[in-house]
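Remarks on the overall topology
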Amino acid sequence: MSAYRSLSSIHSSIRHASLLAASACILSLATAPVHADDYDATIKDIQSTMGGVPSFVKQFPKSGLPGAWAEVKAIELSEKTALPPKVKSLISLAVAAQIPCTYCIWSDTQDAKRAGATDEEIQEAVAMAALTRHWSTIFNGMQVDFDTFKKEMGGQ
């Protein structure tokens, strides 16, 4: 297959996935209307949780803020999840380094340190992200057969 057709096929797949994701978002918003009370309560909760409301929060669409904040509280800020805060911060930092997102890198580094991560743990998390990206590039670019890979790596 030519590089152009491969690229065209990838773009088509991305467009299809994007449309599906957008449709799911629209459907979820349609089934859960947000009222001004929800937004005001969310702002108050952010204030009490964070000690203030960052300006970027006010730039976020009002209709989406209650759901977005609920997700952050339930996963990132909760200590009642499967992963401890330090591990979640290190994962988030590793992903942020790959995106890359300067805002997230700074914030996740601070969060990881507050959660007890050492400089060495932070460096290793970022190095693991780089290593994963490196080998992913090789496997995908060389089109390594996935079934063979699984078999050789101890899978079924």
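Reference entry: report on the structure contained in this document. (Residues numbered from 1 in each chain as written. Predicted model: local features only at pLDDT ≥ 70, side-chain atom pairs only at ≥ 80, totals over all residues. Heavy atoms only, no water.)

What follows is about a nonpolar patch on the surface. There is a patch of nonpolar side chains on the surface, built from Met128, Leu131, Trp135, Phe139, Met142 and Val144 and spanning about 590 Å² of accessible area. For valine 144, the location among the structural elements is in the loop between α7 (119-141) and α8 (146-152). (Patch = residues over 30% accessible without salt bridge, like charges linked within 9 Å, V, L, I, M, F, W, Y side chains within 5 Å. Areas by Shrake-Rupley, 256 points an atom, 1.4 Å probe, with all protein chains shown as cover. Salt bridge = Lys/Arg side-chain N within 4 Å of Asp/Glu carboxyl O. Helix = DSSP H or I, 4+ residues; strand = E, 2+ residues; numbered from the N terminus.)

A separate point is helix α5 (residues 85-98). Taking 1.5 Å of rise per residue, the 14 residues of α5 would be expected to cover 20 Å, and the 20 Å separating its terminal C-alpha atoms lies within 8% of that figure. Those residues of α5 lying buried are Lys88, Ser89, Leu90, Leu93, Ala94 and Ala96. (Expected span 1.5 Å × (residues − 1). Buried < 20%, exposed > 50% of the residue type's maximum accessible area, 1.4 Å probe, protein only.)

On to the packing of α5 against helix α6 (residues 102-114). In contact at an axis separation of 9 Å, α5 and α6 are set at 160 degrees when each is read in the N-to-C sense. Between α5 and α6, the angle falls in the class roughly antiparallel. As for how α5 packs across α6, the hand of that crossing is left-handed. Residues Ser89, Leu90, Ser92, Leu93, Ala96 and Ala97 of α5 form the contact with α6, whose participating residues are Cys104, Ile105, Asp108, Thr109, Asp111 and Ala112. (Axes fitted to C-alpha atoms, helices over the stretch in contact; angles between N-to-C directions. Parallel < 35°, antiparallel > 145°, perpendicular 65-115°, else oblique. Left-handed = near helix turned anticlockwise from the far one by under 90°. Contact = heavy atoms within 4.5 Å.)

Once that is clear, we can look at unusual backbone geometry. A cis amide bond links isoleucine 99 with the next residue in sequence, proline 100, at an omega value of -15 degrees. Structurally, proline 100 is set in the loop between α5 and α6. In this structure, glutamine 143 is a non-glycine residue whose phi angle is positive, near 55 degrees. Relative to the helices and strands, glutamine 143 resides in the loop between α7 and α8.

The next thing to look at is the packing of aromatic side chains. Scanning the entire structure with this criterion turns up two aromatic pairs. Measuring from centroid to centroid gives 5.7 Å for tryptophan 135 and phenylalanine 139, while their planes differ by 35 degrees, and the two rings are tilted. Here the residue tryptophan 135 and the residue phenylalanine 139 both occupy positions in helix α7, the gap between them amounting to four residues, near one helical turn. By relative accessible area, which is 40% here, tryptophan 135 ends up partly exposed. Three or more aromatic residues joined by ring pairs make a cluster, and in this case those are Trp135, Phe139 and Phe149. The ring of tyrosine 39 carries the charged tip of lysine 62 above its face, separated from the ring centre by 5.1 Å. (Phe/Tyr/Trp six-rings, centres within 6.5 Å; stacked < 30°, edge-to-face > 60°. Lys NZ or Arg CZ within 6 Å of the ring centre and 35° of its normal.)

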